[in-house]
Amino acid sequence: MDNIAGSPVEGANFFGRDKEAARLADILVNDDILLLGPRRIGKTSIARAVMAQLRTQGWSAIEINVASCIDERGFLDKLDAALAPELATISEKARNLIGNALSAVGSRIKSIKLPIPGTGGIGVDIKDGIAEEWAAVACDVLRLIGQAENNWLIYVDELPIMLFNIMRNDPATGVQRVRRFLDWLRNDVRGLPGAHAVRWLISGSVGLDTLVQQHGMADTINSLSHQSLPAFKDEVAIAMLKELAAHYVIPLTPDDARSLVEAVQWPQPYYLQVAFHHLRTLVSSHADEDMRALIAQAVDIMVQPGSDNDFYHWEQRLHQQLLQTDASHAMALLNLCSQDRQGARPEALLAVIEDRLPHALPEVTRRIFINLHDILERDAYWWPDDSSGVKRYRFRLEPLRRWWLRRNTL
């Protein structure tokens, strides 16, 4: 296994999640999947493993990343571009059946008119049939590929970011458009002839569940099978580190590997790879030093300026998916939580909200705290630990806690 700390991994470098990939592939036989979680936990890697597995079963599979899309036409453009090369792999009969028709649909995509960003919807109103225009074109695309002889998987990465882009660029009708998009995915798509032949795997690093709950449209995603990617069990993480150490001829004992896992605390493969990368560098120049001391240095490097770029997303996504007042409250809660590796008690955290809102009623501050602690737990910032007999909210990822503390300490 190679020490890859950045790009999605495939083939021999995909480690420890074969059973999870098989489980997701099995779910997709009957249901669509919503796979959410922060960046760098392996969503793209496992999605590609699922695609590869389904291809061995005769499926066609395409991947589209829609993070850069600002409207529905951008989504359709991505879909159209991904379908073109995939058509070359299906049977000649199916290709002849849908190829020319799909090309004609592609030209219709370019003619779709949408609200002008920055105008608040002035000039072109989404109510004037525009939603039905893009939705009709999208349904035509799916109706055509549904006529092929095989099943299809459409993997859509970063859909929540696209939906936030729509709302940010169109304050007047953006929420309405997002609801229409999600209704299209839930109702229109599932109502098409041959809908059972097209399955969706939707992922995102910003919470789609948070978005729909805040805007009263949670019903739009209730037909998706909600899945997450848990961290490795310690034994799997240790096995991964031992395999990496063997590849790079580093004398890492099982106890050393366990120390590295404990230092990371939330053993997602990416963060193990990053820590191992820094350890490799240190071993090459300090081979005579104690391995445990080098492990501590490697994790410390992760949170220092110049090596900490990945952690900024954790801060930015709060402002991306929450109202600014709620994002500020969440930041304050995490500031307190970061001061101790064991975390903070809920009473102390609730007091943070009460201090920030001195004139609010107790039931209001309590409701704000409950809502935020659910979001922070769901989005993997922290977890409730009552193993000591006293409940405390603790950061899941220890390097993130240390980074958060460093950023908020003079």
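Just so we're clear, the structure is a prediction, and the values are computed from it rather than from any experiment. (Residues numbered from 1 in each chain as written. Predicted model: local features only at pLDDT ≥ 70, side-chain atom pairs only at ≥ 80, totals over all residues. Heavy atoms only, no water.)

Undergrad: Please explain the overall build of the protein as it appears in this structure.
TA: Across its full length, the protein holds 17 helices and 7 strands. For a compact globule of 410 residues, the expected C-alpha radius of gyration is about 22 Å, and the protein comes in at 24 Å, within 12% of that figure. Sequence-distant contacts in the protein: of pairs separated by 6 or more residues, those separated by 24 or more amount to 74%. Summed over its atoms, the accessible surface of the protein is roughly 18000 Å², and 51% of this surface lies on carbon and sulfur atoms. (Helix = DSSP H or I, 4+ residues; strand = E, 2+ residues; numbered from the N terminus. Rg over C-alpha atoms; globule rule 2.2 N^0.38 Å. Contact = heavy atoms within 4.5 Å. Areas by Shrake-Rupley, 256 points an atom, 1.4 Å probe, with all protein chains shown as cover.)

Undergrad: How should I be thinking about the pattern of salt bridges in this particular structure?
TA: If the charged atoms of two oppositely charged side chains come close together, the side chains can form a pair. A complete count under the given rule lists 24 salt bridges for this structure. A salt bridge links Asp170 to Arg177, with the shortest nitrogen-to-oxygen separation between them at 2.9 Å. Ionic pairing is found between Asp256 and Arg292, a salt bridge with its closest N-O pair at 3.0 Å. Of this pair, Asp256 sits in helix H10 (residues 254-264) while Arg292 sits in helix H12 (residues 291-302), placing them 36 residues apart in sequence. Salt bridges sharing partners connect three or more residues here, namely Arg179, Asp183, Arg186 and Asp219. (Salt bridge = Lys/Arg side-chain N within 4 Å of Asp/Glu carboxyl O.)

Undergrad: Help me understand the confidence of the model for the protein, please; the structure alone is not making it clear to me.
TA: Low-confidence regions, as indicated by low pLDDT, have predicted coordinates that should not be scrutinised in detail. Averaged over all residues, the pLDDT of the protein is 90; the fraction at 70 or higher stands at 94%. Long-range and interchain partners of residues 119-129, a stretch whose pLDDT sits below 50, account for 16 contacts in this model, where long-range means more than four residues apart. (pLDDT = per-residue confidence, 0-100.)

Undergrad: Sorry, what's going on with the sheet that holds strand S4 (residues 198-204) here?
TA: Strand pairs in the sheet, formed through backbone hydrogen bonds, run parallel or antiparallel to each other. The 5 strands are arranged S2-S3-S4-S1-S5 in an open sheet whose pairing can be described as parallel. This sheet does not close on itself; its edge strands, each paired only once, are strand S2 (60-65) and strand S5 (225-227). Pairwise comparison of adjacent strand axes, ignoring direction, gives a mean angle of 15 degrees for this sheet. When S2 meets strand S3 (residues 152-157), the two strands line up parallel, connected through 6 bridges. For Ile62, the partnering residue across the bridge sits in S3 and is Ile154. Of the strands in this sheet, strand S1 (33-36), S3, S4 and S5 are in contact with helix H1 (residues 18-28), which crosses S5 at around 170 degrees. (Pairing = 2+ DSSP bridges. Axes fitted to C-alpha atoms, helices over the stretch in contact; angles between N-to-C directions.)

Undergrad: Help me out: how do you make sense of the packing of aromatic side chains in this one?
TA: A full pass over the atoms with the stated rule returns 18 aromatic pairs. Here the aromatic rings of Tyr271 and Phe311 are separated by 6.3 Å at their centres, their planes lie at 5 degrees, and the arrangement is stacked. Taken together, the positions of Tyr271 in helix H11 (residues 269-285) and Phe311 in helix H13 (residues 309-321) put the pair 40 residues apart, joining distant regions of the chain. What makes Tyr271 buried here is its relative accessible area of 1%. (Phe/Tyr/Trp six-rings, centres within 6.5 Å; stacked < 30°, edge-to-face > 60°. Buried < 20%, exposed > 50% of the residue type's maximum accessible area, 1.4 Å probe, protein only.)

Undergrad: It is not clear to me how helix H16 (residues 362-378) should be interpreted in this structure. Could you clarify?
TA: One turn of an α-helix holds 3.6 residues; hence residues three or four places apart share an orientation. With 17 residues, H16 extends 24 Å between its outermost C-alpha atoms, agreeing within 8% with the 24 Å of an ideal straight helix rising 1.5 Å per residue. Summarising the contacts, the buried residues of H16 are in contact with helix H8 (208-214), H13, helix H14 (324-337), helix H15 (346-356), strand S6 (382-385) and strand S7 (392-395). (Expected span 1.5 Å × (residues − 1).)

Undergrad: Any chance you could explain the pairing of S3 here in plain terms?
TA: The side chains of a regular strand alternate, residue by residue, between the two faces of the sheet. Of all the 6 residues making up S3, 6 are buried; the element is thus mostly covered by neighbouring parts of the structure. The alternating pattern of S3 places Trp152, Ile154 and Val156 on one face and Leu153, Tyr155 and Asp157 on the opposite face, and all of these are buried. In terms of strand pairing, S3 meets S4 through 6 bridges, oriented parallel. Residue pairing across strands places Asp157 opposite Ser203, the latter belonging to S4.

Undergrad: Would you mind going over the environment of Ser307 with me for this structure?
TA: Relative to the helices and strands, Ser307 resides in the loop between H12 and H13. Along the sequence, Ser307 and His278 sit 29 residues apart, while their C-alpha atoms lie 9.8 Å from each other. Apart from residues lying up to four places away in sequence, Ser307 is in contact with His278, Ile301 and Met302.

Undergrad: I'm lost on the layout of surface pockets in this one. Help?
TA: To locate leftover empty space, one rolls a probe as large as a water molecule over the atoms. In this model, the largest pocket occupies a volume close to 610 Å³. When residues of the lining of the largest pocket are traced back to their parent elements, those giving at least two are helix H2 (43-55), H11 and H13. A breakdown of the residues in the lining of the largest pocket according to their chemical character gives 13 nonpolar, 12 polar and 7 charged. (1 Å grid on protein atoms, 1.4 Å probe; cavity = no way out; pocket = protein on both sides within 12 Å on 5 of 7 lines; lining within 4 Å. Points joined across faces, edges and corners; volume = space filled by probe spheres on them. Nonpolar A, V, L, I, M, F, W, Y, C, P; charged D, E, K, R; others polar.)

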